Amino acid sequence: MDLFIVKGKQKLSGEVKVSSAKNSVLKILAASLLCQKKVFLKEVPQLQDVKTMLDLLRSMGVLVHGESTDNNEISLDASIIEKPVASYEQVKTMRASILVLAPLLARCKRAKVSLPGGCAIGARPIDLHLKGLKKMGAKIQLRGGYVYARCEQLQGAKIILPFPSVGATETLLMAAVCAVGETTIENAAREPEIEDLAHFLRKMSGVKIQGEGTPIIRIQGCGGVSEFNELKTLHFQAMGDRIEAATFIIAAVMTQSEITVKGFNPHHIRSVLDNLTQMGAKLEEFTDGVKVKVQQDQLQALQIDTAPYPGFPTDVQAQMMALLCLVPGSSMITEHIFENRFMHVPELQRMGAEITIRGSSAVIKGVEQMYGAQVMCTDLRASAALLLAALCAEGQSVIRRVYHIDRGYQQIDQKLSGLGAKIKRMSQQQFKESEGEIDHE
Ligand code: UD1
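Residues numbered from 1 in each chain as written. Predicted model: local features only at pLDDT ≥ 70, side-chain atom pairs only at ≥ 80, totals over all residues. Heavy atoms only, no water.

A. Structural context of the domain arrangement of the protein. Split by domain assignment, the protein resolves into domain 1 (2–19 + 241–434) and domain 2 (22–237). The centre of domain 1, based on its C-alpha atoms, is set 31 Å off from the matching centre of domain 2. Carbon and sulfur atoms make up 54% of the area that domain 1 and domain 2 hide from each other, which totals about 1,800 Å². Considering only the surface of domain 1 that becomes buried against domain 2, Y309, R407 and Q410 emerge as the three largest contributors, covering 34% of it. Inspection of the region where domain 1 meets domain 2 yields three salt bridges. For the salt bridge of R407 with D49, the shortest nitrogen-to-oxygen distance reads 2.8 Å. Our count for the contact surface shared by domain 1 and domain 2 stands at six residue pairs in polar contact (both at pLDDT 80 or more). For the side of domain 1 that touches domain 2, the residue count by class is eight nonpolar, six polar and 10 charged. (Domains from an automatic or database assignment. Buried area = accessible area lost by both parts, 1.4 Å probe. Salt bridge = Lys/Arg side-chain N within 4 Å of Asp/Glu carboxyl O. Polar contact = N/O pair within 3.5 Å; in protein donor to acceptor, adjacent residues only side chain to side chain. Nonpolar A, V, L, I, M, F, W, Y, C, P; charged D, E, K, R; others polar.)

B. Just the packing of helix α8 (residues 242–254) against helix α10 (residues 317–324), in detail. With their axes 10 Å apart at the nearest point, α8 and α10 run at an angle of 5° to one another. In terms of orientation, α8 and α10 fall into the roughly parallel class. Every residue of α10 that contacts α8 at I243, T247, I250, V253 and M254 is listed here: Q319, M320, A322 and L323. Taken together, the residues that form the contact of α8 with α10 break down as seven nonpolar, two polar and no charged. (Axes fitted to C-alpha atoms, helices over the stretch in contact; angles between N-to-C directions. Helix = DSSP H or I, 4+ residues; strand = E, 2+ residues; numbered from the N terminus. Parallel < 35°, antiparallel > 145°, perpendicular 65-115°, else oblique. Contact = heavy atoms within 4.5 Å.)

C. The arrangement of unusual backbone geometry in detail. Cis peptide bonds are those with omega within 30 degrees of zero, and the linkage from Y309 to P310 qualifies with 10°. Summarising the element assignment, P310 is placed in the loop between β18 (303–305) and α10. Within the chain, R401 stands out as a residue other than glycine whose phi angle is a positive 60°. If you trace the backbone, R401 turns up in the loop between β23 (396–400) and α13 (403–406). A residue is classified by how much of its surface remains accessible, and R401, at 36% relative accessible area, is partly exposed. (Buried < 20%, exposed > 50% of the residue type's maximum accessible area, 1.4 Å probe, protein only.)

D. Structural view of the packing of helix α1 (residues 22–31) against helix α2 (residues 48–59). Two numbers describe how α1 lies on α2: the axes approach to 10 Å, and their chain directions differ by 5°. Classified by the angle their axes make, α1 and α2 are roughly parallel. For the pair α1 and α2, contact is made by K22, V25, L26, L29 and A30 and by D49, V50, M53, L54 and L57, respectively. Looking at the contact of α1 with α2 residue by residue, the classes come out as eight nonpolar, no polar and two charged.

E. Structural view of the environment of G311. Take G311: it is sitting in the loop between β18 and α10. Between the alpha carbons of G311 and R270 there is a distance of 8.6 Å; along the sequence they are 41 residues apart.

F. Examining α8 more closely. Its 13 residues give α8 an end-to-end C-alpha distance of 18 Å, which sits within 8% of 18 Å, the value for a rise of 1.5 Å per residue. Across the 13 residues of α8, 13 count as buried, placing the element largely inside the fold. Capping the start of α8, D241 holds a side-chain oxygen 2.9 Å from the backbone nitrogen of I243, two or three residues further along. Positive backbone phi, approximately 50°, marks Q256, located one or two places after α8. (Expected span 1.5 Å × (residues − 1).)

G. Main features of the packing of aromatic side chains. This model, assessed by the stated rule, comprises two aromatic pairs. Taken together, a centroid distance of 6.5 Å and an interplanar angle of 55° make the contact between Y146 and Y148 tilted. On the basis of relative accessible area, Y146 is assigned to the buried category, the value being 16%. By relative accessible area, which is 25% here, Y148 ends up partly exposed. When the ring of F200 is compared with that of F236, the centres are 5.3 Å apart and the planes differ by 80°; the resulting orientation is edge-to-face. One end of the pair, F200, is in helix α7 (residues 192–205); the other, F236, is in strand β14 (residues 233–237), and 36 residues separate them in sequence. Side by side, F200 and F236 carry an identical accessibility label, which is buried. In this structure, K112 packs its charged tip against the face of Y146, placed 4.6 Å from the ring centre. Across the ring face of F286, the terminal group of K262 is positioned such that the distance to the ring centre comes to 5.6 Å. (Phe/Tyr/Trp six-rings, centres within 6.5 Å; stacked < 30°, edge-to-face > 60°. Lys NZ or Arg CZ within 6 Å of the ring centre and 35° of its normal.)

This is the structure we're talking about:
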């Protein structure tokens, strides 16, 4: 297990390009199961979650090439699916594995996929995925921790989601492409990653999809994968990672630095940028990035509520909290999406933060200084928050269990080091042998 040793209080400068969005690439990989032609994906980020999804696809018989080459282009050949099964061992490490259920069912008429179970940030049921598939004609049984799904032919349906779940919207979108007739998904999630998936599906199948990015998506299903358009191969590149971009932008604001973050659409994090501007951060937007300028005045405390897109993303909540820890006055963050997403709080407290949790809200009293400490990553975005806090803490921090951060940020230590941060990645053993004496030069 690796850890990061961070020497705080370094200014950042320069430019950083974000990778393709993990939360888009994973869905596109799952959707590739529907494609009998070769799919080429460009700029696939080298992340643990992507590796997990590729291993899952391989276990079903998909041929994957190019994973370990330098140009990050991979090809997928799902012309033969031998085994429409996702085992518990595979699904338990990454909940997004559940997204193979709908494409397997549409393609193979049956699927056996492990129930994901709870995870660190909440229970995360998949009832909305299953109810929607049932409405489209699937017969679903839950046995021994597995979802068994069968359907000779999915049928178009009108589905109203009680909550705009990202995953359920994606499951139903993939199913609807192969269904007979029209499907409408009402109260659909509007996240940009869903638009990306819709672009991919449209390109792959030729199917008419309208309204992605709005609460009502309409899909004119073509009745099966053999009806897909006649492209010989399919080339695609996923959108830039908006959550990674927000993380770098907050890092610059926290360290009072000037950096440019490129490779993403600023409109995709409008609510984050608006909140930062409201606090007093100086930002300049381009079509494909944001420049953070050094702010002259003290930042203002803020109240933030996470919400489905276009609201403030739950995936940026922890990073924003790290920033608010250093903003004078009293701020409040209320988490509305996941029930247990404050696990970074005790770790930030170890670094000197003053935070009180009241139910689903955290009240943050800004302190003048945070101090380096030994802290532990608990989930992906919580880890990003700890890293940001360490960047502006006085002294050295040791961040353990960075495998959480490696799931979703490609080489974040190298990218931040390129901007001037002092971060060293070490194994536990190397750290033990160094006896805490780290040369950051
Ligand atoms: C996706 C993102 C995750 C992000 C989240 C919300 C991926 C791989 N993950 O997760 O990073 O934090 O969107 O923006 O893209 N729910 C149900 N029943 C369901 C489905 C969801 O009750 O069938 C609940 C969940 O427990 C949760 C809420 O709805 O409380 C949001 O979940 P959802 O939008 O589905 O998020 P994910 O797709 O799991």
